[in-house]
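# Fold and geometry: a report
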Amino acid sequence: MKFLGKPRSPTAVLPLSLLFLKILQPGHSYLYNNRYAGDKVIRLIPNTEEEANALKKIYHQLKVDLWQPSSIYYVSKGTVTDVHIPKNGSQALLAFLQEANIQYKILIEDLQKILEKANSLQTKRNRRYLSGYNYEIYHSLEEIQNWMNHLNKTHSGLIHVFSIGKSYEGRSLFVLKLGRRSRTYKRGVWIDCGIHAREWIGPAFCQWFVKEALLTYKSDPIMRKMLNHLYFYIMPVFNVDGYHFSWTSDRFWRKTRSRNSRSHCRGVDANRNWKVKWCDEGASMHPCDDTYCGPFPESEPEVKAVATFLRKHRKHIRAYLSFHAYAQMLLYPYSYKYATIPNFSCVESAAYKAVNALRSVYGVQYRYGPASSTLYVSSGNSMDWAYKTGIPYTFAFELRDTGHFGFLLPEILIKPTCTETMLAVKNITIHLLKKCP
């Protein structure tokens, strides 16, 4: 494999406008039919419960797209709230905030202009030339699946690609098995990215992980130990339909794309659809909500396929890692309740060491802890389900950043984000190999 050289220093301070210009790269239309013209992203923090309740009310009226937190259910006193508001609602929201004397900051003045500026920076570059595959740009679903097939042919000693089922819209759900083939029993680690469609840095990391494994297997003793002693089952894009839709129609789509007979709204939150305290706190029963739990557990074929695979291999798979954005957190169970997991000391120690390893690269701070107390209570998610199913070490990463760019993390930050995350994942893996039986 041929890999591209180093980008500019990840710590270089670039003007905001320049960084945003690097968010998206040529080769596809990012203009989304002008649908975001005049849209804004606003950050605000309610200082009282009265302000929080007032915000919930107006958010509901204006049908805002919450970037942080994932549901108005979580908006309370002191909650950092990032909201994407359409042009036709932004004046009403800003007028309300000024009237109520609620402090706010406009993070993005015009979402469409950001996308158009990126699109205008087109350069003549063949993105599909796989031997020079660029891991420092975001890739479409088609490109990612072509990349997987290419690696399957060229690295058959370490890689085996297979499908675990079909999505709602009939797309294959590909998993990449990575590790040195062995006749002896080997434990496994599951890694998935892109359970929420708009979190593009997730699939970028899954690809980066595979690239680093192939590139350093012979030279890095830690990587060699990982691939010799473990199999990694990597699903670069969990929510294939939603991810494709985020490239073609709605950049900020989160859910799957299934249809609902009771509603015109499509999709289910694939991270609220698991059979663990399903549709309880932190999940919605309303099909139009971003945290809609679905008509029943595992209603989504994508969730059903992964759950079936993990159930079948639960004695063999010892760790589950899921990659999301954004918040800069490393989370472990429980998410659905405030309680300490039985193997807390081992899991907490692994998380502590991983976060320290991550910080050692560029000084980026991650919070870590049980998801319920570190982020918020949410039911029916994959991390809790994997733990309750018998996989003892389950983690969810919330990658960069903390809201400056949100879901539009610029491509110039892919390399530093993946480099530091790689160190954290290697740390967790080695910790579990050494310390945790």
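Under an unreviewed UniProt entry, the protein has the name Carboxypeptidase A6 and belongs to Suricata suricatta. The heading Subcellular location (unreviewed entry) in the UniProt record of the protein holds the text "Secreted, Extracellular space, Extracellular matrix". Comment text from UniProt for the protein, heading Cofactor (unreviewed entry), reads "Zn(2+)".

### A few points about the UniProt feature "active site" (unreviewed entry) in the protein
Here, the residues flagged by UniProt with the feature "active site" (unreviewed entry) are Glu398. The topology assignment puts Glu398 in strand β12 (residues 393–399). At a separation of 3.4 Å, a polar atom in the side chain of Glu398 contacts the main-chain amide nitrogen of Ala325.

### Here's the deal with the packing of aromatic side chains
Overall, the coordinates contain 29 aromatic pairs when judged by the stated rule. Ring centres of Tyr334 and Tyr387 lie 5.8 Å apart, and the angle between their planes is 85°; on these two criteria the pair is classed as edge-to-face. Taken as a pair, Tyr334 in the loop between β10 (329–332) and α10 (344–362) and Tyr387 in helix α12 (residues 382–389) lie far apart in primary sequence, 53 residues in all. Comparing Tyr334 with Tyr387, the two get one shared label, buried. Every member of this aromatic cluster is reached through a ring pair, and the members are Tyr32, Tyr36, Trp67, Phe252, Tyr326 and Phe407. The lysine or arginine in question, Arg257, covers the ring of Phe245, its NZ or CZ lying 3.6 Å from the ring centre. A cation sits over an aromatic face here: Lys337 above Tyr334, 4.6 Å from the ring centre.

### Structural notes on the side chain of Arg257
Note that Arg257 resides in the loop between α8 (240–248) and α9 (301–312). Glu169 provides the closest opposite charge to the buried, unpaired Arg257, separated from it by 4.3 Å. Each residue touching Arg257, except ones within four places of it in the same chain, is listed here: Tyr168, Glu169, Asp241, Gly242, Phe245, Arg266 and Gly267.

### Focus: the nonpolar core
Counting residues in each nonpolar core, the largest one holds 111 residues, and the members touching the most others are Ile164, Leu178, Trp190, Ile191, Phe209, Phe232 and Phe395. When residues of this core are assigned to domains, at least three map to each of domain 1 (34–114) and domain 2 (135–433). Formed by 15 residues, the second largest nonpolar core is a distinct cluster that contains Ile42, Leu66, Ile85 and Ile102.

### Structural notes on the sheet that holds strand β3 (residues 81–85)
Read across the open sheet, the four strands follow the order β2-β3-β1-β4; overall the sheet is antiparallel. Because the sheet does not close on itself, it has two edges, and the strands there are β2 (65–68) and β4 (104–108). Adjacent strand axes in the sheet meet at a mean angle of 30°, parallel and antiparallel pairs treated alike. Note that strand β1 (residues 40–44) and β4 share four bridges and pair antiparallel. Bridging from a neighbouring strand, Leu44 pairs with Tyr104 of β4. Of the strands in this sheet, β1, β2 and β3 are in contact with helix α2 (residues 49–62), which crosses β3 at around 25°. With respect to the sheet, helix α3 (residues 87–99) is in contact with β1, β3 and β4, its orientation differing from that of β1 by roughly 25°.

### Section: unusual backbone geometry
Excluding glycine, most residues fall at negative phi; most peptide bonds, likewise, are trans. Between Gln68 and Pro69 the backbone carries a cis peptide bond, its omega angle lying at -10°. Within the fold, Pro69 resides in the loop between β2 and β3. Note the cis peptide between Pro333 and Tyr334, where omega equals 5°. The phi dihedral of Lys277 falls on the positive side, at around 50°, and the residue is not glycine. Inspection of the secondary structure puts Lys277 in the loop between α8 and α9. According to the relative accessible area criterion, Lys277 is partly exposed, its value standing at 48%.

### Topic: the state of the cysteines
Throughout the structure, instances matching the rule amount to three disulfides. The partner cysteine of Cys193 in its disulfide is Cys206, sulfur to sulfur 2.2 Å. What sets the handedness of the Cys193 and Cys206 disulfide is the S-S torsion sign, and at about 85° it is right-handed. Of this pair, Cys193 sits in strand β7 (residues 187–193) while Cys206 sits in helix α6 (residues 201–216); the two residues are 13 residues apart in sequence, bridging distant segments of the chain. For Cys193, a relative accessible area of 0% puts it in the buried group. The class of Cys206 is buried, set by a relative accessible area of 0%. In this structure Cys418 is not part of a disulfide, and its nearest cysteine sulfur, from Cys193, lies 8.8 Å away. Overall, the relative accessible area of 0% leaves Cys418 in the buried class.

Thresholds, definitions, all that
- Residues numbered from 1 in each chain as written.
- Predicted model: local features only at pLDDT ≥ 70, side-chain atom pairs only at ≥ 80, totals over all residues.
- Heavy atoms only, no water.
- UniProt positions renumbered as here; feature names shortened; annotations may be inferred.
- Helix = DSSP H or I, 4+ residues; strand = E, 2+ residues; numbered from the N terminus.
- Polar contact = N/O pair within 3.5 Å; in protein donor to acceptor, adjacent residues only side chain to side chain.
- Phe/Tyr/Trp six-rings, centres within 6.5 Å; stacked < 30°, edge-to-face > 60°.
- Buried < 20%, exposed > 50% of the residue type's maximum accessible area, 1.4 Å probe, protein only.
- Lys NZ or Arg CZ within 6 Å of the ring centre and 35° of its normal.
- Lys, Arg positive; Asp, Glu negative; His and termini not counted.
- Salt bridge = Lys/Arg side-chain N within 4 Å of Asp/Glu carboxyl O.
- Contact = heavy atoms within 4.5 Å.
- Core = buried A, V, L, I, M, F, W, Y, C linked by side-chain atoms within 4.5 Å.
- Domains from an automatic or database assignment.
- Pairing = 2+ DSSP bridges.
- Axes fitted to C-alpha atoms, helices over the stretch in contact; angles between N-to-C directions.
- Disulfide = S-S within 2.5 Å.

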